[in-house]
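Geometric and topological summary
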Amino acid sequence: MRVLVLGSGVIGVTSAYYLALKGYAVTVIDRQPAVGLETSFANAGQISPGYAAPWAGPGVPYKALKWLFQRHAPLRLRPDFSHWQAQWMAQFLSNCSSERYTLNKSRMVRLAEYSRDCLRQLRADTAIRYEERTLGTLQVFRTQKQLDVEAKDIAVLSHMGVPFQHVDPDGCARIEPALSQVKDQLLGGLYLPDDETGDCQLFTARLAALAQTLGVQFRQSVSITRLLTQNGQLQAVEINGAQGIETLAADHYVVALGSYSRELMQGLGLNLPVYPVKGYSLTVPVINSDAAPVSTVMDETYKVAITRFDQRIRVGGMAELAGFDLTLNPHRRATLEKVFTGLFPQAGDLTQSSFWTGLRPMTPDGTPIIGQADSRLPNVWLNTGHGTLGWTMACGSGQVLADLVAGEKPAIETQDLQYSRYQKR
(Lines give C-alpha, C1' and ligand atoms only; values in the text may rest on other atoms or scores of the structure.)
Protein backbone atom coordinates (compact mmCIF):
# COMPACT_ATOMS: atom_id res chain seq x y z
CA MET A 1 0.00 0.00 0.00
CA ARG A 2 1.34 3.41 -1.00
CA VAL A 3 0.97 6.60 1.03
CA LEU A 4 1.79 10.09 -0.20
CA VAL A 5 2.50 12.58 2.61
CA LEU A 6 2.14 16.24 1.67
CA GLY A 7 4.51 18.30 3.80
CA SER A 8 7.93 17.61 5.35
CA GLY A 9 7.71 19.59 8.56
CA VAL A 10 7.85 17.75 11.88
CA ILE A 11 4.22 16.61 11.50
CA GLY A 12 4.73 15.27 7.98
CA VAL A 13 7.98 13.51 8.86
CA THR A 14 6.60 11.87 12.01
CA SER A 15 3.56 10.74 10.01
CA ALA A 16 5.84 9.23 7.37
CA TYR A 17 8.02 7.49 9.94
CA TYR A 18 5.17 5.81 11.81
CA LEU A 19 3.45 4.83 8.56
CA ALA A 20 6.68 3.23 7.36
CA LEU A 21 6.93 1.26 10.61
CA LYS A 22 3.56 -0.26 9.70
CA GLY A 23 4.91 -1.40 6.35
CA TYR A 24 3.52 1.29 4.05
CA ALA A 25 5.51 2.49 1.05
CA VAL A 26 5.72 6.20 1.83
CA THR A 27 6.72 9.20 -0.27
CA VAL A 28 6.94 12.70 1.20
CA ILE A 29 6.76 15.83 -0.96
CA ASP A 30 7.50 19.43 -0.03
CA ARG A 31 8.29 22.71 -1.75
CA GLN A 32 11.33 23.38 0.44
CA PRO A 33 14.79 22.00 -0.43
CA ALA A 34 15.04 20.08 2.88
CA VAL A 35 12.81 18.95 5.72
CA GLY A 36 11.71 21.17 8.59
CA LEU A 37 12.45 24.53 6.99
CA GLU A 38 9.19 26.36 7.68
CA THR A 39 7.23 26.33 10.95
CA SER A 40 9.45 23.57 12.37
CA PHE A 41 12.65 25.48 11.71
CA ALA A 42 13.11 27.76 14.74
CA ASN A 43 10.18 27.28 17.09
CA ALA A 44 10.41 27.77 20.84
CA GLY A 45 11.88 24.31 21.43
CA GLN A 46 9.35 23.19 24.05
CA ILE A 47 7.89 19.72 24.38
CA SER A 48 5.36 20.85 26.93
CA PRO A 49 2.34 18.62 27.58
CA GLY A 50 1.72 20.28 30.91
CA TYR A 51 1.57 23.69 29.29
CA ALA A 52 -0.72 22.54 26.48
CA ALA A 53 -3.66 24.94 26.49
CA PRO A 54 -5.81 26.75 23.92
CA TRP A 55 -5.31 30.44 23.27
CA ALA A 56 -9.08 30.82 23.44
CA GLY A 57 -10.13 31.15 27.05
CA PRO A 58 -12.12 33.22 29.55
CA GLY A 59 -11.04 36.86 29.53
CA VAL A 60 -9.10 36.62 26.29
CA PRO A 61 -11.43 38.96 24.32
CA TYR A 62 -10.97 41.64 26.98
CA LYS A 63 -7.22 41.06 27.11
CA ALA A 64 -7.01 41.29 23.33
CA LEU A 65 -8.62 44.74 23.44
CA LYS A 66 -6.08 45.88 26.04
CA TRP A 67 -3.20 44.40 24.06
CA LEU A 68 -4.12 46.59 21.08
CA PHE A 69 -2.65 49.52 23.04
CA GLN A 70 0.41 47.78 24.49
CA ARG A 71 3.75 47.84 22.75
CA HIS A 72 4.85 44.41 24.00
CA ALA A 73 1.51 42.63 23.77
CA PRO A 74 1.64 38.85 23.20
CA LEU A 75 -1.21 38.92 20.68
CA ARG A 76 -1.80 41.25 17.74
CA LEU A 77 -4.69 41.32 15.31
CA ARG A 78 -4.20 43.00 11.96
CA PRO A 79 -7.63 43.01 10.32
CA ASP A 80 -7.62 42.23 6.62
CA PHE A 81 -11.42 42.49 6.37
CA SER A 82 -11.60 39.07 4.75
CA HIS A 83 -14.54 36.75 5.32
CA TRP A 84 -12.12 33.97 6.24
CA GLN A 85 -10.44 35.96 9.05
CA ALA A 86 -13.80 37.11 10.41
CA GLN A 87 -15.17 33.56 10.34
CA TRP A 88 -12.15 32.16 12.15
CA MET A 89 -12.26 34.90 14.79
CA ALA A 90 -15.96 34.22 15.42
CA GLN A 91 -15.20 30.53 15.97
CA PHE A 92 -12.27 31.48 18.21
CA LEU A 93 -14.46 33.74 20.36
CA SER A 94 -17.06 30.99 20.70
CA ASN A 95 -14.36 28.92 22.44
CA CYS A 96 -13.52 31.57 25.04
CA SER A 97 -15.91 30.28 27.73
CA SER A 98 -14.72 28.44 30.84
CA GLU A 99 -16.53 25.28 29.73
CA ARG A 100 -14.95 25.25 26.27
CA TYR A 101 -11.51 26.12 27.66
CA THR A 102 -11.59 23.18 30.07
CA LEU A 103 -12.79 20.78 27.36
CA ASN A 104 -10.22 21.95 24.81
CA LYS A 105 -7.35 21.93 27.28
CA SER A 106 -8.17 18.41 28.47
CA ARG A 107 -8.04 16.92 24.98
CA MET A 108 -4.89 18.88 24.11
CA VAL A 109 -3.17 17.58 27.25
CA ARG A 110 -4.33 14.04 26.42
CA LEU A 111 -2.66 14.15 23.00
CA ALA A 112 0.41 16.01 24.24
CA GLU A 113 1.03 13.55 27.11
CA TYR A 114 0.70 10.63 24.73
CA SER A 115 3.01 12.32 22.25
CA ARG A 116 5.71 12.78 24.86
CA ASP A 117 5.46 9.09 25.71
CA CYS A 118 5.81 8.24 22.01
CA LEU A 119 8.88 10.47 21.79
CA ARG A 120 10.47 8.73 24.76
CA GLN A 121 9.84 5.36 23.16
CA LEU A 122 11.30 6.63 19.90
CA ARG A 123 14.46 7.74 21.72
CA ALA A 124 14.75 4.35 23.37
CA ASP A 125 14.24 2.53 20.07
CA THR A 126 16.51 4.64 17.87
CA ALA A 127 18.86 6.64 20.14
CA ILE A 128 17.91 9.75 18.15
CA ARG A 129 19.50 12.93 19.53
CA TYR A 130 18.43 16.54 18.96
CA GLU A 131 20.00 18.60 21.79
CA GLU A 132 17.22 17.33 24.03
CA ARG A 133 16.81 18.00 27.74
CA THR A 134 14.36 16.36 30.13
CA LEU A 135 14.36 18.92 32.94
CA GLY A 136 10.82 20.25 32.79
CA THR A 137 9.22 23.65 32.17
CA LEU A 138 8.89 26.51 34.64
CA GLN A 139 6.01 28.91 33.98
CA VAL A 140 6.61 32.16 35.87
CA PHE A 141 3.93 34.59 37.06
CA ARG A 142 4.25 38.28 37.79
CA THR A 143 0.68 39.16 38.86
CA GLN A 144 -1.97 37.83 41.25
CA LYS A 145 -4.41 37.54 38.36
CA GLN A 146 -2.04 35.10 36.64
CA LEU A 147 -1.88 33.03 39.83
CA ASP A 148 -5.68 32.96 39.97
CA VAL A 149 -5.87 31.65 36.38
CA GLU A 150 -3.22 29.05 37.26
CA ALA A 151 -5.68 27.46 39.68
CA LYS A 152 -7.98 26.53 36.77
CA ASP A 153 -5.10 24.96 34.84
CA ILE A 154 -4.02 23.00 37.90
CA ALA A 155 -7.51 21.52 38.17
CA VAL A 156 -7.23 20.15 34.64
CA LEU A 157 -3.68 18.88 35.24
CA SER A 158 -4.83 17.12 38.42
CA HIS A 159 -7.75 15.51 36.59
CA MET A 160 -5.41 14.30 33.82
CA GLY A 161 -2.81 13.01 36.30
CA VAL A 162 -0.08 15.39 35.10
CA PRO A 163 2.64 16.01 37.72
CA PHE A 164 3.16 19.66 38.72
CA GLN A 165 4.52 21.80 41.54
CA HIS A 166 3.40 25.28 42.52
CA VAL A 167 6.48 27.17 43.70
CA ASP A 168 7.21 30.55 45.27
CA PRO A 169 9.94 32.91 43.96
CA ASP A 170 12.62 31.06 45.92
CA GLY A 171 11.37 27.82 44.40
CA CYS A 172 11.66 29.35 40.93
CA ALA A 173 15.30 30.11 41.67
CA ARG A 174 15.95 26.58 42.92
CA ILE A 175 14.63 25.13 39.68
CA GLU A 176 16.31 27.74 37.46
CA PRO A 177 19.29 29.10 39.45
CA ALA A 178 19.91 31.99 37.02
CA LEU A 179 16.54 33.46 38.07
CA SER A 180 17.91 34.18 41.57
CA GLN A 181 18.98 37.65 40.35
CA VAL A 182 15.43 38.59 39.27
CA LYS A 183 13.21 36.57 41.61
CA ASP A 184 11.89 39.77 43.20
CA GLN A 185 10.01 40.37 39.91
CA LEU A 186 8.08 37.12 40.32
CA LEU A 187 5.14 36.11 42.49
CA GLY A 188 5.52 32.40 41.84
CA GLY A 189 5.65 29.69 39.24
CA LEU A 190 4.24 26.40 38.01
CA TYR A 191 6.83 23.69 37.48
CA LEU A 192 6.02 20.84 35.10
CA PRO A 193 8.76 18.25 35.68
CA ASP A 194 7.79 15.88 32.87
CA ASP A 195 8.12 18.49 30.10
CA GLU A 196 11.11 18.34 27.76
CA THR A 197 12.99 20.50 25.28
CA GLY A 198 14.88 20.07 22.03
CA ASP A 199 15.71 21.46 18.60
CA CYS A 200 12.68 20.61 16.44
CA GLN A 201 14.40 21.15 13.11
CA LEU A 202 17.35 18.95 14.11
CA PHE A 203 14.92 16.26 15.26
CA THR A 204 12.98 16.48 11.99
CA ALA A 205 16.13 16.12 9.89
CA ARG A 206 17.42 13.16 11.88
CA LEU A 207 14.06 11.40 11.94
CA ALA A 208 13.81 11.87 8.17
CA ALA A 209 17.16 10.10 7.86
CA LEU A 210 15.83 7.23 9.99
CA ALA A 211 12.68 7.13 7.87
CA GLN A 212 14.79 6.77 4.74
CA THR A 213 16.36 3.62 6.20
CA LEU A 214 12.78 2.28 6.34
CA GLY A 215 12.28 3.04 2.67
CA VAL A 216 10.60 6.45 2.86
CA GLN A 217 11.34 8.61 -0.18
CA PHE A 218 11.59 12.40 0.11
CA ARG A 219 10.86 14.60 -2.89
CA GLN A 220 11.96 18.11 -1.97
CA SER A 221 11.72 21.35 -3.98
CA VAL A 222 8.48 20.33 -5.64
CA SER A 223 5.21 22.25 -5.65
CA ILE A 224 1.70 20.84 -5.75
CA THR A 225 -0.04 22.10 -8.87
CA ARG A 226 -3.25 20.08 -8.98
CA LEU A 227 -5.30 17.40 -7.22
CA LEU A 228 -6.82 14.80 -9.52
CA THR A 229 -10.07 13.22 -8.35
CA GLN A 230 -12.38 10.56 -9.74
CA ASN A 231 -15.56 9.03 -8.32
CA GLY A 232 -15.21 11.01 -5.10
CA GLN A 233 -11.70 9.85 -4.32
CA LEU A 234 -8.34 11.52 -4.69
CA GLN A 235 -6.60 9.66 -7.51
CA ALA A 236 -3.29 11.52 -7.81
CA VAL A 237 -1.35 14.67 -7.03
CA GLU A 238 0.25 16.64 -9.81
CA ILE A 239 3.59 18.19 -8.88
CA ASN A 240 6.13 20.46 -10.53
CA GLY A 241 9.82 20.15 -9.75
CA ALA A 242 13.24 19.70 -11.27
CA GLN A 243 11.89 16.92 -13.47
CA GLY A 244 8.98 19.02 -14.69
CA ILE A 245 5.32 18.13 -14.30
CA GLU A 246 4.70 14.70 -12.75
CA THR A 247 1.72 12.82 -11.42
CA LEU A 248 2.07 10.86 -8.17
CA ALA A 249 -0.59 8.30 -7.28
CA ALA A 250 -1.11 6.49 -3.98
CA ASP A 251 -3.67 4.51 -2.03
CA HIS A 252 -3.77 7.07 0.78
CA TYR A 253 -2.91 10.77 1.00
CA VAL A 254 -1.89 12.57 4.18
CA VAL A 255 -2.21 16.36 4.28
CA ALA A 256 0.37 17.78 6.71
CA LEU A 257 0.89 21.20 5.16
CA GLY A 258 0.35 23.28 8.28
CA SER A 259 -1.24 26.64 7.54
CA TYR A 260 -1.37 25.80 3.84
CA SER A 261 -3.58 22.76 4.37
CA ARG A 262 -6.77 24.80 4.15
CA GLU A 263 -6.13 26.18 0.67
CA LEU A 264 -5.38 22.73 -0.71
CA MET A 265 -8.45 21.16 0.90
CA GLN A 266 -10.73 23.83 -0.52
CA GLY A 267 -10.09 22.20 -3.86
CA LEU A 268 -11.76 19.08 -2.44
CA GLY A 269 -14.72 20.96 -0.99
CA LEU A 270 -13.49 21.12 2.63
CA ASN A 271 -13.27 24.33 4.64
CA LEU A 272 -10.62 23.62 7.26
CA PRO A 273 -10.66 26.12 10.17
CA VAL A 274 -6.85 26.41 10.18
CA TYR A 275 -5.52 29.96 10.32
CA PRO A 276 -1.85 31.06 10.05
CA VAL A 277 -0.88 32.57 13.41
CA LYS A 278 2.46 34.28 13.04
CA GLY A 279 5.13 33.70 15.67
CA TYR A 280 8.69 34.88 16.17
CA SER A 281 11.92 33.64 17.70
CA LEU A 282 15.46 34.65 18.47
CA THR A 283 18.32 32.16 18.61
CA VAL A 284 21.04 33.47 20.89
CA PRO A 285 24.53 32.00 21.44
CA VAL A 286 25.33 31.26 25.09
CA ILE A 287 28.15 33.33 26.56
CA ASN A 288 27.66 32.51 30.26
CA SER A 289 26.25 29.08 31.00
CA ASP A 290 25.71 29.84 34.69
CA ALA A 291 23.53 32.83 33.78
CA ALA A 292 21.46 30.87 31.26
CA PRO A 293 18.35 28.75 31.80
CA VAL A 294 18.83 25.01 32.25
CA SER A 295 15.57 24.12 30.50
CA THR A 296 12.50 26.20 29.48
CA VAL A 297 11.16 29.22 31.30
CA MET A 298 7.75 30.43 30.12
CA ASP A 299 7.00 34.08 30.91
CA GLU A 300 3.23 34.18 31.30
CA THR A 301 3.05 37.96 31.03
CA TYR A 302 4.41 38.07 27.50
CA LYS A 303 3.68 34.47 26.43
CA VAL A 304 7.37 34.06 25.58
CA ALA A 305 9.36 30.87 26.14
CA ILE A 306 13.11 30.86 26.75
CA THR A 307 14.64 27.46 26.04
CA ARG A 308 18.17 26.18 26.47
CA PHE A 309 19.82 24.05 23.81
CA ASP A 310 23.48 22.97 24.09
CA GLN A 311 25.24 26.23 23.25
CA ARG A 312 22.23 28.27 22.14
CA ILE A 313 19.13 29.77 23.68
CA ARG A 314 15.85 29.94 21.78
CA VAL A 315 13.50 32.80 22.69
CA GLY A 316 10.11 32.23 21.08
CA GLY A 317 6.59 33.50 21.25
CA MET A 318 4.16 36.22 20.21
CA ALA A 319 1.10 35.74 18.03
CA GLU A 320 -0.08 37.86 15.13
CA LEU A 321 -3.22 37.27 13.10
CA ALA A 322 -2.04 38.82 9.85
CA GLY A 323 -2.64 36.22 7.18
CA PHE A 324 0.36 34.77 5.40
CA ASP A 325 2.64 37.77 5.97
CA LEU A 326 6.21 36.64 6.75
CA THR A 327 7.93 39.99 7.15
CA LEU A 328 10.15 40.34 10.23
CA ASN A 329 8.64 42.99 12.49
CA PRO A 330 11.37 44.78 14.52
CA HIS A 331 8.85 45.56 17.29
CA ARG A 332 8.39 41.83 17.90
CA ARG A 333 12.16 41.42 18.11
CA ALA A 334 12.26 44.18 20.71
CA THR A 335 9.70 42.30 22.81
CA LEU A 336 11.68 39.04 22.65
CA GLU A 337 14.86 40.88 23.61
CA LYS A 338 13.08 42.63 26.49
CA VAL A 339 11.84 39.36 27.98
CA PHE A 340 15.19 37.63 27.51
CA THR A 341 17.30 40.39 29.06
CA GLY A 342 14.75 40.88 31.83
CA LEU A 343 15.08 37.28 33.03
CA PHE A 344 18.57 36.24 31.87
CA PRO A 345 20.52 39.48 31.31
CA GLN A 346 24.01 37.91 31.17
CA ALA A 347 23.23 34.64 29.42
CA GLY A 348 23.71 35.33 25.71
CA ASP A 349 25.02 37.68 23.06
CA LEU A 350 22.05 39.37 21.40
CA THR A 351 24.29 41.04 18.84
CA GLN A 352 24.98 37.58 17.39
CA SER A 353 21.37 36.37 17.51
CA SER A 354 19.25 35.35 14.54
CA PHE A 355 15.66 36.56 14.14
CA TRP A 356 13.00 34.31 12.57
CA THR A 357 9.28 34.14 11.94
CA GLY A 358 6.93 31.29 11.05
CA LEU A 359 3.24 30.55 10.66
CA ARG A 360 1.60 28.27 13.21
CA PRO A 361 -1.47 26.46 11.84
CA MET A 362 -4.10 27.26 14.49
CA THR A 363 -7.62 25.94 14.91
CA PRO A 364 -10.17 28.08 16.79
CA ASP A 365 -10.29 25.60 19.68
CA GLY A 366 -6.52 25.01 19.78
CA THR A 367 -6.82 21.28 19.11
CA PRO A 368 -5.29 19.82 15.94
CA ILE A 369 -7.27 18.01 13.25
CA ILE A 370 -6.16 14.39 12.91
CA GLY A 371 -8.00 11.71 11.00
CA GLN A 372 -10.03 11.11 7.87
CA ALA A 373 -10.79 14.30 5.99
CA ASP A 374 -14.37 13.39 5.15
CA SER A 375 -16.46 10.30 4.58
CA ARG A 376 -16.72 11.35 0.94
CA LEU A 377 -12.91 11.28 0.71
CA PRO A 378 -12.03 7.99 2.40
CA ASN A 379 -8.42 7.98 1.22
CA VAL A 380 -7.56 11.53 2.34
CA TRP A 381 -6.20 12.04 5.86
CA LEU A 382 -5.48 15.20 7.82
CA ASN A 383 -2.70 15.90 10.32
CA THR A 384 -2.69 19.66 10.74
CA GLY A 385 -3.78 22.57 12.93
CA HIS A 386 -1.36 22.05 15.83
CA GLY A 387 -0.86 25.76 16.46
CA THR A 388 2.01 26.48 18.84
CA LEU A 389 2.24 22.82 19.90
CA GLY A 390 3.33 21.02 16.74
CA TRP A 391 6.64 19.98 18.28
CA THR A 392 4.93 18.93 21.50
CA MET A 393 2.31 16.82 19.71
CA ALA A 394 4.32 15.59 16.74
CA CYS A 395 5.15 12.00 17.64
CA GLY A 396 1.75 11.27 19.12
CA SER A 397 0.02 12.80 16.12
CA GLY A 398 2.13 10.76 13.73
CA GLN A 399 1.42 7.55 15.62
CA VAL A 400 -2.33 8.25 15.84
CA LEU A 401 -2.48 9.09 12.14
CA ALA A 402 -0.65 5.89 11.20
CA ASP A 403 -2.98 3.82 13.40
CA LEU A 404 -6.06 5.37 11.80
CA VAL A 405 -4.80 4.85 8.24
CA ALA A 406 -4.07 1.22 9.10
CA GLY A 407 -7.57 0.75 10.52
CA GLU A 408 -6.20 0.11 14.01
CA LYS A 409 -7.49 1.54 17.29
CA PRO A 410 -5.15 4.27 18.60
CA ALA A 411 -3.94 4.14 22.20
CA ILE A 412 -5.90 7.30 23.06
CA GLU A 413 -9.37 8.61 22.25
CA THR A 414 -9.27 10.41 18.89
CA GLN A 415 -12.89 10.99 17.89
CA ASP A 416 -12.80 14.57 19.19
CA LEU A 417 -9.61 15.30 17.24
CA GLN A 418 -11.20 14.72 13.85
CA TYR A 419 -12.52 17.26 11.36
CA SER A 420 -16.06 16.05 12.01
CA ARG A 421 -16.18 18.10 15.23
CA TYR A 422 -16.39 21.24 13.09
CA GLN A 423 -18.96 19.78 10.75
CA LYS A 424 -21.32 19.26 13.67
CA ARG A 425 -21.07 22.78 15.11
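What comes next is a walk through the structure. (Residues numbered from 1 in each chain as written. Predicted model: local features only at pLDDT ≥ 70, side-chain atom pairs only at ≥ 80, totals over all residues. Heavy atoms only, no water.)

**Here's the deal with the nonpolar core**
Counting residues in hydrophobic clusters, the biggest one holds 61 residues, and the most contacted among them are Leu19, Val26, Leu122 and Phe203. Top contributing element to this core by residue count: helix α10 (residues 390-405), with nine residues. Discounting residues that sit within four places of it in the chain, leucine 19 has contacts with Val3, Val5, Tyr24, Val26, Val254, Leu401, Ala402 and Val405. (Core = buried A, V, L, I, M, F, W, Y, C linked by side-chain atoms within 4.5 Å. Buried < 20%, exposed > 50% of the residue type's maximum accessible area, 1.4 Å probe, protein only. Helix = DSSP H or I, 4+ residues; strand = E, 2+ residues; numbered from the N terminus. Contact = heavy atoms within 4.5 Å.)

**What about the environment of tyrosine 51?**
Tracing the backbone through its elements, the reader meets tyrosine 51 in the loop between β3 (46-47) and α2 (60-67). By relative accessible area, which is 17% here, tyrosine 51 ends up buried. A C-alpha to C-alpha distance of 19 Å links tyrosine 51 and tyrosine 280, two positions 229 residues apart in sequence. Contacts of tyrosine 51, omitting those with residues within four sequence positions, involve Gln46, Lys105, Gln139, Leu192, Asp195, Met298, Glu300 and Lys303.

**Observations regarding helix α3 (residues 83-94)**
With twelve residues, α3 should reach 16 Å at 1.5 Å per residue; the first-to-last C-alpha distance of 17 Å fits that figure. Along α3, the residues classified as buried are Trp84, Gln85, Trp88, Met89 and Phe92. For α3, the angular spread of buried residues about the axis comes to 130°, placing them on one side. (Expected span 1.5 Å × (residues − 1). Arc of directions from axis to C-beta.)

**Remarks on the pattern of salt bridges**
Within the structure shown, the criterion is met by 24 salt bridges. Notably, a salt bridge pairs arginine 78 with aspartate 325, separated by 3.3 Å at the nearest N-O pair. Of this pair, arginine 78 sits in the loop between β4 (75-77) and α3 while aspartate 325 sits in the loop between β17 (312-321) and α9 (330-343); the two residues are 247 residues apart in sequence, bridging distant segments of the chain. Take arginine 78: its relative accessible area is 45%, and that puts it in the partly exposed class. The exposure class assigned to aspartate 325 is buried, which follows from its relative accessible area of 16%. The salt bridge partner of glutamate 320 is arginine 332, with a shortest N-O separation of 3.0 Å. Taken together, the residues span a long stretch of sequence, with glutamate 320 in strand β17 and arginine 332 in helix α9 at a distance of twelve residues. Assessed through its relative accessible area of 6%, glutamate 320 is described here as buried. Within this structure, Lys22, Asp403 and Glu408 form a network of salt bridges that share partners. (Salt bridge = Lys/Arg side-chain N within 4 Å of Asp/Glu carboxyl O.)

**With respect to the packing of helix α4 (residues 98-126) against helix α5 (residues 144-160)**
Two numbers describe how α4 lies on α5: the axes approach to 10 Å, and their chain directions differ by 45°. In terms of orientation, α4 lies oblique with respect to α5. Note on packing geometry: the crossing formed by α4 with α5 is right-handed. Residues Ser98, Tyr101, Thr102, Lys105, Ser106, Val109 and Arg110 of α4 lie in contact with α5, whose contacting residues are Lys152, Asp153, Val156 and Met160. Among the residues making up the contact of α4 with α5, the classes are represented as four nonpolar, three polar and four charged. (Axes fitted to C-alpha atoms, helices over the stretch in contact; angles between N-to-C directions. Parallel < 35°, antiparallel > 145°, perpendicular 65-115°, else oblique. Left-handed = near helix turned anticlockwise from the far one by under 90°. Nonpolar A, V, L, I, M, F, W, Y, C, P; charged D, E, K, R; others polar.)

**Let's talk about the sheet that holds strand β11 (residues 233-241)**
With respect to topology, three strands assemble into an open sheet ordered β10-β11-β12, the strand pairing being antiparallel. In this open sheet, the two strands that pair with only one neighbour each are β10 (223-230) and β12 (244-248). The average angle at which neighbouring strand axes cross in this sheet is 25°, direction not considered. As paired elements, β10 and β11 share seven bridges and run antiparallel to each other. (Pairing = 2+ DSSP bridges.)

**A few points about the pairing of strand β18 (residues 354-362)**
Summarising burial for β18: eight of the nine residues are buried, a large majority. Pairing of strand β14 (residues 275-285) with β18, which is carried by nine bridges, proceeds in the antiparallel orientation. Counterpart to tyrosine 275 in the pairing with β18 is methionine 362.

**Points about the sheet that holds strand β19 (residues 369-374)**
What the six strands build is an open sheet, ordered β9-β2-β1-β13-β20-β19; its pairing is mixed. Since the sheet does not close on itself, it has two edges, and those belong to β9 (217-219) and β19, each with one partner. The sheet shows a mean angle of 20° between the axes of neighbouring strands, direction not considered. Of the pairings in the sheet, the one linking strand β1 (residues 2-6) to strand β2 (residues 25-29) comprises five bridges and is parallel in character. Opposite leucine 6, over in β2, you have isoleucine 29 as the bridge partner.

**Side note on the packing of aromatic side chains**
Following the criterion strictly, the structure yields nine aromatic pairs and no others. For the ring pair tryptophan 88 and tyrosine 275, a centre distance of 5.5 Å and an interplane angle of 35° mean the geometry is tilted. Taken together, the positions of tryptophan 88 in helix α3 and tyrosine 275 in strand β14 put the pair 187 residues apart, joining distant regions of the chain. Here the aromatic residues Trp84, Trp88, Phe92 and Tyr275 are joined through ring pairs into a cluster of three or more. Looking at arginine 31, its charged tip hangs above the ring of tyrosine 260, at a distance of 4.4 Å from the centre. Over the aromatic face of tryptophan 84 sits the side chain of arginine 262, whose NZ or CZ is 3.7 Å from the ring centroid. (Phe/Tyr/Trp six-rings, centres within 6.5 Å; stacked < 30°, edge-to-face > 60°. Lys NZ or Arg CZ within 6 Å of the ring centre and 35° of its normal.)

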